[in-house]
Amino acid sequence: MTPAAASAAVRAGFRRVHGSDPEGVWAAPGRVNLIGEHTDYNDGFALPMALPQAAVLAARRREDGLLRLHSAQGDGRTTELRVAGLAPGGTPGWTRYPAGVVWALRERGLPVGGADLHLDSSVPTGAGLSSSAALECAVAVAYNDVYGLGLSRPELARVAQYAENAYAGVPCGVMDQMASVCCTGGHALHLDSRSLEVRQVPLDLTGHGLRLLVLDTRVKHDLADGAYAALRAGCERAAGLLGLPALRDLAGAELPATLVRLPADLVPLVRHVVTENARVERAVERLAAGEPEALGPLLTEGHASLRDDYRVSCPETDLAVEAAVAAGALGARMTGGGFGGSVIALVPAGDAASVARAVTDAFAAAGFAAPAVLEAVPSPGARRIG
Ligand code: GLA
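What you see is a predicted model; the values in this text were computed from it and never measured. (Residues numbered from 1 in each chain as written. Predicted model: local features only at pLDDT ≥ 70, side-chain atom pairs only at ≥ 80, totals over all residues. Heavy atoms only, no water.)

Student: Would you take a moment to explain the sheet that holds strand S6 (residues 114–121) for this structure?
Tutor: Backbone-to-backbone hydrogen bonds pair the strands of a sheet. The strands run either parallel or antiparallel. Overall, mixed pairing links the 6 strands, which are arranged S5-S4-S6-S3-S1-S13 in an open sheet. Strands with a single pairing partner mark the edges of an open sheet, and in this sheet they are strand S5 (79–82) and strand S13 (383–384). Inspection of the sheet shows strand S1 (residues 24–33) paired to strand S3 (residues 48–62) by 9 bridges, in the antiparallel sense. Across the sheet, Gly24 pairs through a bridge with Ala59, a residue of S3. Contacting S1, S3, strand S4 (66–71), S6 and S13, helix H1 (residues 3–18) runs over the sheet at an angle of about 130° to S6. Sitting on the sheet, helix H3 (residues 131–146) is in contact with S1, S3, S4, S6 and S13, with an inclination near 145° to S1. (Pairing = 2+ DSSP bridges. Helix = DSSP H or I, 4+ residues; strand = E, 2+ residues; numbered from the N terminus. Contact = heavy atoms within 4.5 Å. Axes fitted to C-alpha atoms, helices over the stretch in contact; angles between N-to-C directions.)

Student: What exactly am I supposed to notice about unusual backbone geometry here?
Tutor: Notably, Asp43 is not glycine yet its phi reads approximately 65°, a positive angle. Tracing the backbone shows Asp43 in the loop between S1 and strand S2 (45–46). With a phi close to 60°, Leu196 is a non-glycine residue in the positive phi region. Position of Leu196 among the secondary structure elements: in the loop between strand S7 (187–192) and strand S8 (198–202). Under the relative-accessibility criterion, Leu196 is labelled buried at 12%. (Buried < 20%, exposed > 50% of the residue type's maximum accessible area, 1.4 Å probe, protein only.)

Student: What exactly am I supposed to notice about the pattern of salt bridges here?
Tutor: Oppositely charged side chains are able to pair whenever their charged atoms sit close together. Tallied over the full model, the rule gives 23 salt bridges. The closest approach of N and O atoms between Arg211 and Glu375, which form a salt bridge, is 2.7 Å. Note that Arg211 is positioned in strand S9 (residues 210–216) and Glu375 in strand S12 (residues 372–375), a separation of 164 residues in sequence. Residue classification places Arg211 among the partly exposed residues on the basis of a relative accessible area of 31%. Of the charged contacts in the structure, one is a salt bridge between Glu301 and Arg282, with a shortest N-O distance of 3.3 Å. Taken together, the positions of Glu301 in helix H9 (residues 295–310) and Arg282 in helix H8 (residues 267–288) put the pair 19 residues apart, joining distant regions of the chain. The exposure class assigned to Arg282 is partly exposed, which follows from its relative accessible area of 37%. Residues joined by salt bridges that share partners form a network here, namely Arg60, Arg62, Asp64, Arg68, Glu80 and Asp116. (Salt bridge = Lys/Arg side-chain N within 4 Å of Asp/Glu carboxyl O.)

Student: Teacher, can you tell me more about the packing of helix H10 (residues 315–326) against helix H11 (residues 352–366) here?
Tutor: The description of two packed helices rests on the angle between their axes and on the distance between the axes. Look at H10 against H11: their axes get within 9 Å of each other, and the N-to-C directions meet at 135°. Relative to H11, the element H10 lies oblique. Crossing geometry of H10 relative to H11 is assigned as right-handed. Together, Glu316, Leu319, Ala320, Ala323 and Ala324 of H10 and Val355, Ala358, Val359, Ala362, Phe363 and Ala366 of H11 make up the contact between the two elements. (Parallel < 35°, antiparallel > 145°, perpendicular 65-115°, else oblique. Left-handed = near helix turned anticlockwise from the far one by under 90°.)

Here's what the structure looks like:
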């Protein structure tokens, strides 16, 4: 669907639900991360790109302090909340993300009140493609405009991350929100999670005869379930023991001498984070040299590190990677937090259909549910579309 068509559809939905026209329509995309996983909360580097799938949101400011929320993917009901009464943990289901953003803006001392919102999102949920960040960022950019807040893109990402951390209770880093607000079409985003400096890295897959498949294993991941928080705490403990602000400050050359000083349970975590940061830099160099096909081996190497050292893969993501590579993918790996979710596979354009089929067949043979297959095309970040 074109942005104009998406905007018209969501405007019509808003009119049906809220009875008049919205002030505008905003869209914020989901993402895949090419490389740089579990590095963001270590102040490290990542290389995400935005997907064409996006949370599309029509909004109109209200002056009576009410937040009225409706989703085309919901149960048909409109949720009505009093902005002044918003409190972490007090909002159920998907509504905690938009409510969390409004709460986070107010926590920053910004004079925001209510709004009528109508959402229609094409980002699959629970697939590791940042559907919640897309929703948060759509609300953040819409509020930024209708309340004239003048926040910068990194500030909007921080507000959205704070909503997810402190309101929804998910201890995520900042990558997903930065990807959703800062990506641009035709580029991957080189993100420094410490300074929030970004660099747009041209990513012309089509011009190089390549496609990037997204294989959603349909194993639902849930970052709030404690495993993610435990990994994050392990990294922070390791940095503390080493006397470093964050694992980002550990250079690759120091790794062998450093690992012997750490308790055994922290060694694989530290090894993953340090080698993964280095893989981001190598990936950016290859892209700058005009060799996107050289990302392939880095993806597969990154997956091995997530599987063997960080231990966030699962049988379905491991099988998708193996089957894709065996069928001719140049490289593949899980993307996002892990514990299920999606795998990305870089494939020569002519092999895309056979790689997708090979993964589907391997899942059937293993007794797994059929994966959903999407294509990742580097797309624009959050913006007003109507
Ligand atoms: C999830 C989190 C991100 C990041 C990734 C792993 O997507 O939301 O902040 O930590 O996992 O790279």
